[in-house]
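Spelled out, the chains give:
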Amino acid sequence: VQLQACGGGLVQAGGSLRLSCAASGRTFSVYDMGWFRQAPGKEREYVAAITSGGSTDYADSVKGRFTISRDNAKNTVYLRMNSLKPEDTAVYYCAAGTAGYIDRSKDNYAYWGQGTQVTVSS
């Protein structure tokens, strides 16, 4: 599966963005989808995940502010980000895996999008 992420940009602290990740292929619905982010000089970190069955999970740092969702008819996963903070600034990546459960480990996702930059100004 090929993934194409978009929706990043520059936003002021407290603002909102919605990231989208479109997948190619006919079997999008069987994949668990994750969002990760990587700030300059830091490791890529887990943000959120949604299983093929629709279960969701969030990193503590974004819980209550971010919402992950998917539209299988559109082969797309979304990340709605509210109340953005400067520390949310990073390149955001979507990923697809087949674990069948919530998986926070980036090593278990086989397919990755190219990333979209999110910059939050203070």
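Before reading on, note that the structure itself is shown above.
Since the model is a prediction, treat every value here as computed from it, not as a measurement.

K.L.:
What is the right way to look at the environment of Ser 83 in this model?
P.N.:
Along the chain, Ser 83 turns up in the loop between strand S8 (76-81) and strand S9 (90-97). For the pair Ser 83 and Gln 38, spaced 45 residues apart in the sequence, the C-alpha separation amounts to 19 Å. Setting aside chain neighbours within four positions, we find Ser 83 in contact with Gly 14, Gly 15, Ser 16, Arg 65 and Asp 88.

K.L.:
Whenever I open this one, the pairing of strand S3 (residues 17-23) confuses me. Can you help?
P.N.:
The side chains of a regular strand alternate between both faces of the sheet. By the criterion of burial, S3 is predominantly enclosed, with five of the seven residues buried. Looking at chain direction, strand S1 (residues 3-6) and S3 are connected through four bridges and run antiparallel. Its bridge partner lying in S3, Gln 4 is registered against Ala 22. Bridging between S3 and S8 involves six bridges; their strand directions are antiparallel. Residue pairing across strands places Ser 20 opposite Tyr 78, the latter belonging to S8.

K.L.:
Which parts of the structure should I look at to understand the packing of aromatic side chains?
P.N.:
Centre distance and the angle of the planes are the two values used to describe a pair of aromatic rings. Enumeration according to the criterion identifies five aromatic pairs in this entry. Taken together, a centroid distance of 5.9 Å and an interplanar angle of 90° make the contact between Tyr 31 and Tyr 111 edge-to-face. Of this pair, Tyr 31 sits in the loop between S3 and strand S4 (32-38) while Tyr 111 sits in strand S10 (residues 111-112), and the two are 80 residues apart along the sequence. Overall, the relative accessible area of 11% leaves Tyr 31 in the buried class. Here Phe 36 and Tyr 46 contribute two aromatic rings whose centre-to-centre distance is 5.7 Å and whose plane-to-plane angle is 75°, an arrangement assigned as edge-to-face. Here Phe 36 is found in strand S4, whereas its partner Tyr 46 is found in strand S5 (residues 45-50), with 10 residues between them in sequence. For Phe 36, a relative accessible area of 1% translates into the label buried. By relative accessible area, which is 10% here, Tyr 46 ends up buried. In this arrangement the basic side chain of Arg 44 is found over the ring face of Tyr 93, its NZ or CZ atom lying 3.7 Å from the centre.

K.L.:
Can you walk me through the pattern of salt bridges in this structure?
P.N.:
Any two side chains of opposite charge can pair, on the condition that their charged atoms come close. Enumeration according to the criterion identifies five salt bridges in this entry. Here Arg 37 and Glu 45 are joined by a salt bridge, their closest N and O atoms 2.6 Å apart. Exposure remark for Arg 37: the relative accessible area of 5% places this residue in the buried category. In this structure, a network of salt bridges that share partners links the residues Arg 37, Glu 45, Arg 65 and Asp 88.

K.L.:
Would you explain the environment of Gly 7 in this entry?
P.N.:
Relative to the helices and strands, Gly 7 resides in the loop between S1 and strand S2 (9-12). Gly 7 sits 63 residues away from Arg 70 along the chain, and the two C-alpha atoms are 15 Å apart. In contact with Gly 7, other than residues within four places in its own chain, are Leu 17, Arg 18, Leu 19 and Thr 116.

Conventions used here
Each residue is numbered by its place in its chain's sequence as written, counting from 1. Per-residue local features of the predicted model are confined to residues with pLDDT of at least 70, and side-chain atom pairs are confined, for both listing and counting, to 80 or more; whole-chain, interface and lining totals are unaffected and use all residues. Calculation of side-chain values draws on the structure's entire complement of heavy atoms; hydrogens and water are dropped beforehand. Only DSSP runs of H or I covering at least 4 residues are called helices, and only runs of E covering at least 2 are called strands; the numbering of each starts at the N terminus. Contacts are residue-level and defined by heavy atoms, with any inter-residue pair within 4.5 Å sufficient. The buried label goes to any residue with under 20% of its type's maximum accessible area, the exposed label to any with over 50%, and the partly exposed label to all in between, with areas taken from a 1.4 Å probe on protein chains only. Whether two strands pair comes down to DSSP finding at least two bridges between them. Only centres within 6.5 Å qualify two rings of Phe, Tyr or Trp (six-membered ring in Trp) as a pair; their planes then separate them into stacked at under 30 degrees, edge-to-face at over 60, and tilted for everything else. Think of it as a cone above the ring: NZ of Lys or CZ of Arg counts as a charge over the ring if it is within 6 Å of the ring centre and within 35 degrees of the ring normal. In what follows, salt bridge is the name for a side-chain nitrogen of Lys or Arg lying within 4 Å of a carboxyl oxygen of Asp or Glu.

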